[in-house]
Amino acid sequence: RLSDIEEFKLYMISSGRSVATANRYLAALKRAYNIMIKDDLIDYNPVCKVKFFVEDNIRDRVLSKQEWISLYEQLSEVNRKIVLVALQTAFRLRNVLNLRWEQINLNTRLIKLSKNENKGKKLINIPITDILYEVLMSLEPKQEGYIFINPDTGKPYTSIKNGFNAACRRAGIKDFHFHDLRRTAATWLLENGVDNR
């Protein structure tokens, strides 16, 4: 019933879930009803009359230099290197964790991100800064393979969310997500006089 869905919608918010999460649940529920309609199990989708929450997707959270110093001290060695790569390239976490040595040319000092590896669907060449060069050299460059390998699994890391969030808490940094490193990287470039638009 419509009233039940409205009640569920309010319950999600009152129980601490974010507006975005509540909307994802509603979208999934709407999809499930549509499937049942398609299979002739029901003939009405009550979610169609439910208003989704308005999401504010505009974030402008940027890490200050002092916060970065504090965070750097709290990160584990491997997470420190992952974060440094993100800050020096403005890559998404997925691109950092899936980065392979085949994409890196230390002679020309470029990292190649293919069309399939970025949302813009275009080939990108990222210059390797001095800081990034030092990080890559510390990882003992190889001919091929992922640059960040989890020693416990022998496979690339799939997430560093827990370690990153814990380091933020220890550093006293609030409301900061890994994805905000992209905005931080762009902001720092502009502050240093590099227009990356």
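What counts and what doesn't
- Residues numbered from 1 in each chain as written.
- Predicted model: local features only at pLDDT ≥ 70, side-chain atom pairs only at ≥ 80, totals over all residues.
- Heavy atoms only, no water.
- Buried < 20%, exposed > 50% of the residue type's maximum accessible area, 1.4 Å probe, protein only.
- Helix = DSSP H or I, 4+ residues; strand = E, 2+ residues; numbered from the N terminus.
- Pairing = 2+ DSSP bridges.
- Polar contact = N/O pair within 3.5 Å; in protein donor to acceptor, adjacent residues only side chain to side chain.
- Contact = heavy atoms within 4.5 Å.
- Salt bridge = Lys/Arg side-chain N within 4 Å of Asp/Glu carboxyl O.
- Core = buried A, V, L, I, M, F, W, Y, C linked by side-chain atoms within 4.5 Å.

Participant: Honestly, the pairing of strand E2 (residues 110-113) in this entry has me stumped. Any pointers?
Facilitator: Within a regular strand, the side chains alternate between the two sheet faces. Burial of the side chains of E2 is restricted to one face: Ile111 and Leu113 are buried, whereas none of Leu110 and Lys112 on the reverse face is. Strand direction decides the pairing type here: strand E1 (residues 104-105) and E2, joined by 2 bridges, are antiparallel. Of the residues in E2, the one forming a bridge with Ile104 is Ile111. Taking the residues that link successive antiparallel strands as the turn, the E1-E2 hairpin has 4 residues, and the phi of Arg109 there is positive, at about 55°. When E2 meets strand E3 (residues 124-127), the two strands line up antiparallel, connected through 4 bridges. Opposite Leu110, over in E3, you have Pro127 as the bridge partner.

Participant: Explanation requested: the side chain of Thr89 in the structure shown.
Facilitator: Take Thr89: it is sitting in helix H4 (residues 77-89). One polar contact links the side chain of Thr89 to the main-chain carbonyl oxygen of Val85, over a distance of 2.6 Å. Reaching out from Thr89, the side chain makes a polar contact with the backbone nitrogen of Phe91 at a distance of 3.1 Å. With sequence-adjacent residues up to four places away left out, Thr89 is seen in contact with Ile111, Ile126 and Leu132.

Participant: Teacher, can you tell me more about the pattern of salt bridges here?
Facilitator: Any two side chains of opposite charge can pair if their charged atoms end up close together. Considering all chains together, one arrives at 6 salt bridges under this definition. Between Glu102 and Arg100 there is a salt bridge, with its nearest N and O atoms 3.1 Å apart. For Glu102, a relative accessible area of 42% gives the class partly exposed. For Arg100, a relative accessible area of 27% gives the class partly exposed.

Participant: What is the right way to look at the environment of Leu189 in this model?
Facilitator: By the secondary structure assignment, Leu189 is in helix H8 (residues 180-191). Of the residues examined, Leu189 reaches a relative accessible area of 34% and is grouped as partly exposed. For the pair Leu189 and Gln88, spaced 101 residues apart in the sequence, the C-alpha separation amounts to 9.5 Å.

Participant: Just checking my understanding: could you explain the nonpolar core for this structure?
Facilitator: A general trend in soluble globular proteins is that nonpolar side chains are found buried together. Trp68, Leu71 and Phe164 are the most contacted members of the largest nonpolar core, which totals 37 residues. Every element with two or more residues in this core is listed here: helix H3 (65-74), H4, helix H5 (93-97), E2, helix H6 (130-138), helix H7 (161-170) and H8. In terms of residue count, the dominant contributor to this core is H4 (6 residues). For Leu71, the residues in contact, after removing those within four places along its chain, are Leu63, Phe164, Ala167, Cys168, Ala171 and Ile173. Of all hydrophobic cores here, the second largest spans 7 residues; its members include Met12, Ala22, Leu26 and Val47.

Geometry only, nothing functional implied.
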